[in-house]
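# Structural features, examined
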Amino acid sequence: MEQAFQCPICGSRMTVKEDKSLVCTNKHTFDFAKPGYLNLSVRPAKGHYTKELFEARRRIITESGLYAPLHERLARMIKEHTRSSEIPSTVADLGCGEGSHLRRILEACCCPEMTGIGLDLSKEGIVLASKRYAESVWIVGDLAQSPFADGSVQVILNILSPANYKEFKRILARDGLVIKVLPRSGYLKEVRQSIFKNSENRMYRNDGTTALFKKHFHVLDTASLHYPKELNKAELVDLIHMTPLAWSSGKRDIEAFIERDSAEITIELDILIGCPPVSINGK
């Protein structure tokens, strides 16, 4: 696996030393943490991403079934588009949080030869991922200065997370895939309508994000998901704790949302699958 990485500081090749460190040719050294993850970040994370947020996110993803149809659809699309590849797929979830999306997708793929790699700038998320999902490789790292070698990743997942398309194109294998999952206007609309009074925040459009993806990649396939899911009171509390939508909301609005015993929540997503664009001369 070491050939998939490069030093995030100088970009040189890295090798494993004594099963405890990754060391580059310029002697920059990154030790494996006790839980099993690697910290290859060159800057600390800032913001609201706490252990409590990631625990709530894990429960929503693994216990509520809110994203189960998404995982099944992504697994089918990955298998369909990688079926002809002779190279065992490296599936990297960039912006993986605490890793549950990647774990569920790999389980649905039922392909033991697939190697899962999760990267996130939040150390709290990666620590939880490495403790629960030891089958995959977990990395604290920065999308803007990613530790992956050129052309080293067969499938890039970017699920409801910011992207860095310049880096995606650098690390993507020549016949690789980028799978972008982005929200549509109805995604979590019940949350938006309950906690936002400003009409601008109550609505969301993904036109600009879709256009940017198409500017960088040749689109091979698209899909849309739209379904409701009933969540109970405990799940509604977890949903509010995990979503950035609540970060700028008032306490009274949040309390009003989670007071109810249950609520129907809408999932509405677009899935875009792209590959590297082919130049005019085919190179």
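Reference entry: report on the structure contained in this document. All values derive from a computational prediction rather than experimental measurement. (Residues numbered from 1 in each chain as written. Predicted model: local features only at pLDDT ≥ 70, side-chain atom pairs only at ≥ 80, totals over all residues. Heavy atoms only, no water.)

## A look at the side chain of E268
- Inspection of the secondary structure puts E268 in strand β11 (residues 262–275).
- This buried residue, E268, is left without a salt bridge; R184 holds the nearest opposite charge, at 4.2 Å.
- If sequence neighbours within four positions are ignored, E268 has contacts with P183, R184, S185, G186, Y187, L225 and H226. (Helix = DSSP H or I, 4+ residues; strand = E, 2+ residues; numbered from the N terminus. Buried < 20%, exposed > 50% of the residue type's maximum accessible area, 1.4 Å probe, protein only. Lys, Arg positive; Asp, Glu negative; His and termini not counted. Salt bridge = Lys/Arg side-chain N within 4 Å of Asp/Glu carboxyl O. Contact = heavy atoms within 4.5 Å.)

## Looking at unusual backbone geometry
- For E18, which is not glycine, the phi torsion reads 55° and is therefore positive.
- Position of E18 among the secondary structure elements: in the loop between β1 (14–17) and β2 (21–24).
- According to the relative accessible area criterion, E18 is exposed, its value standing at 68%.

## With respect to the environment of D175
- Along the chain, the position of D175 falls in strand β9 (residues 172–183).
- C-alpha of D175 to C-alpha of P276: the two residues are 101 residues apart in sequence and 7.5 Å apart in space.

## Some details on the nonpolar core
- Residues Y67, L70, L239 and I271 are the most contacted members of the largest nonpolar core, which totals 55 residues.
- The element that contributes the greatest number of residues to this core is β11, accounting for six residues.
- The residues contacting L239, other than those within four sequence positions of it, are I60, L66, L188, V191, L231 and I265.
- Core analysis: the next-biggest nonpolar cluster, separate from the first, contains 27 residues, L40, L94, F148 and I171 among them. (Core = buried A, V, L, I, M, F, W, Y, C linked by side-chain atoms within 4.5 Å.)

## Comments concerning the sheet that holds β11
- Taken in spatial order, the eight strands line up as β4-β7-β6-β5-β8-β9-β11-β10 in an open sheet, and their pairing is mixed. Edge strands, defined here as strands with exactly one partner in the open sheet, are β4 (38–39) and β10 (218–232). (Pairing = 2+ DSSP bridges.)

## Brief notes about the sheet that holds β1
- Spatially, the three strands line up as an open sheet ordered β1-β2-β3, and their pairing is antiparallel. Of all strands in the sheet, those with a lone pairing partner are β1 and β3 (29–31), marking the two edges. Averaged over all pairs of adjacent strands, the angle between strand axes in this sheet comes to 25°, irrespective of strand direction.
- Where β1 and β2 come together, four bridges link them in antiparallel fashion. For V16, the partnering residue across the bridge sits in β2 and is L22. (Axes fitted to C-alpha atoms, helices over the stretch in contact; angles between N-to-C directions.)

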